[in-house]
Amino acid sequence: MIDQIDFGKPTFKCARTGRSLLPGEVCFSVLLRENLEFRRLDFSEEAWTGPPETAVAWWKFRVPAEHKPSQSRLRPNELLQIFERLLNRNEQAELAYLLGLLLVRKRVLRIENQILEGGQEFLLLYCPRRECEYRVHVPAISDERMAALEQLLLAITEGRVVNE
């Protein structure tokens, strides 16, 4: 059984034309299995003719605005401090929720329970580092609001936001 498959990082070059893929451009990736290894190929939308028969998987994606790794990524403890400050601000509940999920993904927090209280959903998140539990409201977020929150969350994780 395969626990994890390494999809590889995007090359930001079209495998068919060799052209650089531009930020914001819609592209396609395909995962091929060659012997015991996997190989990822990226294609521009114009060069995409569909996945090869030998493809293990394929997907459509958009080249991010910045595809260079940031030099100033915040450490987990710094993100945890921001998360705690956001929890104390009702107007930042959506951002606190998303940052909490990011910290779960980074294994700084873990989901202990999901509760329904007064028609509202909450997550109980546990932090082993601080041996404490956080109660986080699960908000309903529209697609438009989600796009704005994703950009803000990216700015926070890259250390570009001082006052969240």
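Residues numbered from 1 in each chain as written. Predicted model: local features only at pLDDT ≥ 70, side-chain atom pairs only at ≥ 80, totals over all residues. Heavy atoms only, no water.

Draft legend 1. Structural detail: the packing of aromatic side chains. Taken as a whole and judged by the stated rule, the model has 5 aromatic pairs. Taken together, a centroid distance of 4.7 Å and an interplanar angle of 5° make the contact between Phe28 and Trp48 stacked. Of the two residues, Phe28 sits in strand β1 (residues 26-34) while Trp48 sits in the loop between β2 (37-44) and β3 (55-62), which places them 20 residues apart along the sequence. Each of the two residues, Phe28 as well as Trp48, counts as buried. (Phe/Tyr/Trp six-rings, centres within 6.5 Å; stacked < 30°, edge-to-face > 60°. Helix = DSSP H or I, 4+ residues; strand = E, 2+ residues; numbered from the N terminus. Buried < 20%, exposed > 50% of the residue type's maximum accessible area, 1.4 Å probe, protein only.)

Draft legend 2. Main features of the pairing of strand β4 (residues 110-117). Pairing geometry for β4 and strand β5 (residues 120-127), over 7 bridges, is antiparallel. Residue pairing in the sheet places Arg110 in a bridge with Tyr126 of β5. Linking two consecutive strands that pair antiparallel, namely β4 and β5, is a turn of 2 residues; a positive phi of about 60° is found at Gly118 within it. (Pairing = 2+ DSSP bridges.)

Draft legend 3. Seen up close, the nonpolar core. Within the largest apolar cluster, 24 residues are counted, with the highest numbers of intra-cluster contacts made by Leu80, Phe83, Leu99, Leu103, Leu109 and Tyr134. Elements with a contribution of two residues or more to this core: α1 (76-87), α2 (93-105), β5, β6 (132-137) and α3 (143-157). Top element by residues in this core is α2. It accounts for 7 residues. The residues contacting Phe83, other than those within four sequence positions of it, are Ala96, Leu99, Gly100, Leu103, Leu109, Leu125, Tyr134 and Val136. Counting residues in hydrophobic clusters, the runner-up holds 7 residues, among them Phe12, Leu21, Cys27 and Ala47. (Core = buried A, V, L, I, M, F, W, Y, C linked by side-chain atoms within 4.5 Å. Contact = heavy atoms within 4.5 Å.)

Draft legend 4. Region of interest: the sheet that holds β3. Taken together, 3 strands build an open sheet; the order of strands is β2-β1-β3 and the sheet is antiparallel. Every other strand in the sheet has two partners, leaving β2 and β3 as the edge strands with one partner each. Looking at each pair of strands side by side, their axes are set apart by 20° on average, direction ignored. Across 7 bridges, β1 lies against β3 in antiparallel orientation. Within the sheet, the bridge partner assigned to Leu31 lies in β3 and is Ala57. (Axes fitted to C-alpha atoms, helices over the stretch in contact; angles between N-to-C directions.)

Draft legend 5. Region of the structure containing the pattern of salt bridges. Taken as a whole and judged by the stated rule, the model has 7 salt bridges. The salt bridge involving Glu25 is made with Arg19; its shortest N-O contact spans 2.4 Å. Take Glu25: its relative accessible area is 14%, and that puts it in the buried class. Residue Arg19 is classed as partly exposed on the basis of its relative accessible area, which comes to 31%. (Salt bridge = Lys/Arg side-chain N within 4 Å of Asp/Glu carboxyl O.)

Draft legend 6. A look at the sheet that holds β4. Across the sheet, 3 strands lie side by side as β4-β5-β6; this open sheet has antiparallel pairing. For this open sheet the edge positions go to β4 and β6, each flanked by a neighbour on one side alone. Sheet twist, expressed as the average angle between the axes of neighbouring strands with direction ignored, equals 25°. Across the sheet, α1 lies against β5 and β6, angled at about 55° from β6, the strand it touches most. Each of β4, β5 and β6 is contacted by α2, which is oriented at about 40° to β5, the strand it contacts most.

Any link to function would need more than the numbers given here.
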